[in-house]
Amino acid sequence: MTLRVGIVGCGVIASGYHLPAWMAHDSAEVVGAADPVWSSLERMQVLAGLEAEQIHSDPMALVGRSDVDVIDVCTPPSIRRELLVGAAESGKHILCEKPLATVPSDAAAAVDAAERNGTKLAMVHTYGLLPEIKAAMRVLARGEIGTVRTVIVNYLGIPNDLVGSADYAPRWRYDAAQAGGGVLMNIIHGVYLAESLLGQEFQRASGYADNIDPESNVEDVALCRFEAADGAALVNIGTGLGNGGFEIAGTEGRISIRYENGGTAPWAKFEEVLVTTAKGTRVELSEPEIGIDPMKVQKDVFVEVVDDFVSAVTTKSRPRATGADGLRVLEATVGALESAAIGTTVKLPLERNGPAFEQGVLGLAELDLPDWSAVRRRGLYLPRTA
Ligand SMILES: NC(=O)c1ccc[n+]([C@@H]2O[C@H](COP(=O)([O-])OP(=O)(O)OC[C@H]3O[C@@H](n4cnc5c(N)ncnc54)[C@H](O)[C@@H]3O)[C@@H](O)[C@H]2O)c1
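Residues numbered from 1 in each chain as written. Predicted model: local features only at pLDDT ≥ 70, side-chain atom pairs only at ≥ 80, totals over all residues. Heavy atoms only, no water.

Asks: Help me get a handle on the environment of W267, residues and values and all.
Replies: By the secondary structure assignment, W267 is in the loop between β12 (253–259) and β13 (270–277). Owing to a relative accessible area of 35%, W267 belongs among the partly exposed residues under this scheme. Sequence separation of W267 and G157 is 110 residues, and the distance between their C-alpha atoms is 8.4 Å. Each residue touching W267, except ones within four places of it in the same chain, is listed here: Y127, I158, P159, L162 and M295. (Helix = DSSP H or I, 4+ residues; strand = E, 2+ residues; numbered from the N terminus. Buried < 20%, exposed > 50% of the residue type's maximum accessible area, 1.4 Å probe, protein only. Contact = heavy atoms within 4.5 Å.)

This is how it looks when you write it as structure tokens:
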């Protein structure tokens, strides 16, 4: 059986990473693409070898096609609800880029639509497939460090010039309405990794967020604490501040994941995964074992995501990261930003009728914000005046 795939959103991630992964798969064929920007669509047409009738400026035309089994969603995250719900309603399986949406209620509508229609909705949660994370998960599965109590995730050295396709809106990541948050929302990878490494779902979120860049209305740094029933994770994500790496502490030992000069992956090269127990410290994985090109590793993980998705669809199994996982992680992320705005811990899942659930970060302005709140002082998440 060959899965017929339609790609929606033909920008950087779609053309550079998703398309090559689909093309490398024996049981998948890209049969369509959609993007309202003609130059991006034409580029995808050439790369994927599509006919003129297989490309669409209206994504819903692709979603409605009867010769498409899978919709691969690679748009900016604010453009998701109609697409995801429409794709599920027309019986399509969906692979969706992170975050599932910018607004939790949109993400919940997508999860609900996929469940009602019996279609798969899977997330592109690529960082869980990085060799160093898999190595840490292997150590945890062996029980070598006992029960995990705390996890610290640092991605503080994210570059501040991460841009999308020049043909669309290259700096959409720096606008609250388009991105649903700033560096924390973009590097939501840190949140799902923290949850996986802790091995428990988060029940409460606390956060600090700030931004010194007047050109953007989203956070450029977020320090978050996520509490679970029996442990907690600190997730620190920021631009241009350097520190990266992971520290996982258990009852019998600890794991450290280190990158070159203490920097932030994947911009800093992976160095080693160390395991420390009463027996001493040993290397679980080191750079020579995986080769040093972090950007090549980034490409490989997309091939694995596509493999996993195809096998979930064809064998009716659970994908590695489901839409429900995407929703839960999105709620934790928005919850941390809500906490940063109001100054108190936020319960997870989010309150269903609250502004954070209904509108994401754009709803935070409706809350009672203390005057010291950086969200208030910096005017974060407020609509931009022209
Ligand atoms: N998993 C990862 O490691 C990873 C890495 C980079 C990006 N991403 C995610 O991929 C997504 C896209 O990021 P990008 O860097 O490719 O952005 P991009 O700006 O390069 O591409 C987005 C594309 O969507 C198109 N688009 C805009 N509105 C649309 C609509 N209504 N319907 C269809 N297409 C529309 C744009 O024209 C553009 O071609 C984001 O969700 C981002 O977070 C994930």
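Asks: Please give an account of the nonpolar core that cites residues and values.
Replies: Nonpolar side chains tend toward joint burial in soluble globular proteins. Counting 125 residues, the largest nonpolar core has W22 and Y381 as the members making the most contacts within it. Here this core gets nine residues from one element, more than from any other, and that element is helix α12 (residues 323–342). The residues contacting W22, other than those within four sequence positions of it, are V5, I7, A28, V30, V70, D72, L95, V306, F309 and V310. (Core = buried A, V, L, I, M, F, W, Y, C linked by side-chain atoms within 4.5 Å.)

Asks: I'd like a rundown of the packing of helix α5 (residues 104–117) against α12, residues and numbers included.
Replies: Running from amino to carboxyl end, α5 crosses α12 at an angle of 170°, the nearest separation of the two axes being 9 Å. Comparing the axis directions of α5 and α12 gives the class roughly antiparallel. From α5, P104, A107, A108 and V111 reach across to α12, where they touch G323, A324, L327, L330, E331 and V334. Residue composition of the contact of α5 with α12, grouped by class: eight nonpolar, one polar and one charged. (Axes fitted to C-alpha atoms, helices over the stretch in contact; angles between N-to-C directions. Parallel < 35°, antiparallel > 145°, perpendicular 65-115°, else oblique. Nonpolar A, V, L, I, M, F, W, Y, C, P; charged D, E, K, R; others polar.)

Asks: Explain the sheet that holds strand β5 (residues 93–97) residue by residue, including any values.
Replies: Sheets are built from strands that pair by backbone hydrogen bonding, the pairs being arranged parallel or antiparallel. On the basis of which strands lie adjacent, the open sheet formed by six strands has the order β3-β2-β1-β4-β5-β6 and parallel pairing. The sheet terminates laterally at β3 (55–56) and β6 (121–124), the two strands that pair on one side only. Bridge analysis of strand β1 (residues 3–8) against strand β4 (residues 70–73) gives four bridges, and the strand direction is parallel. Directly across from G6, in β4, lies its bridge partner I71. Strands β1, β4, β5 and β6 of the sheet are contacted by helix α4 (residues 81–89), whose axis makes an angle of about 160° with β5. (Pairing = 2+ DSSP bridges.)

Remember that the coordinates give geometry; whether it matters functionally is a separate question.
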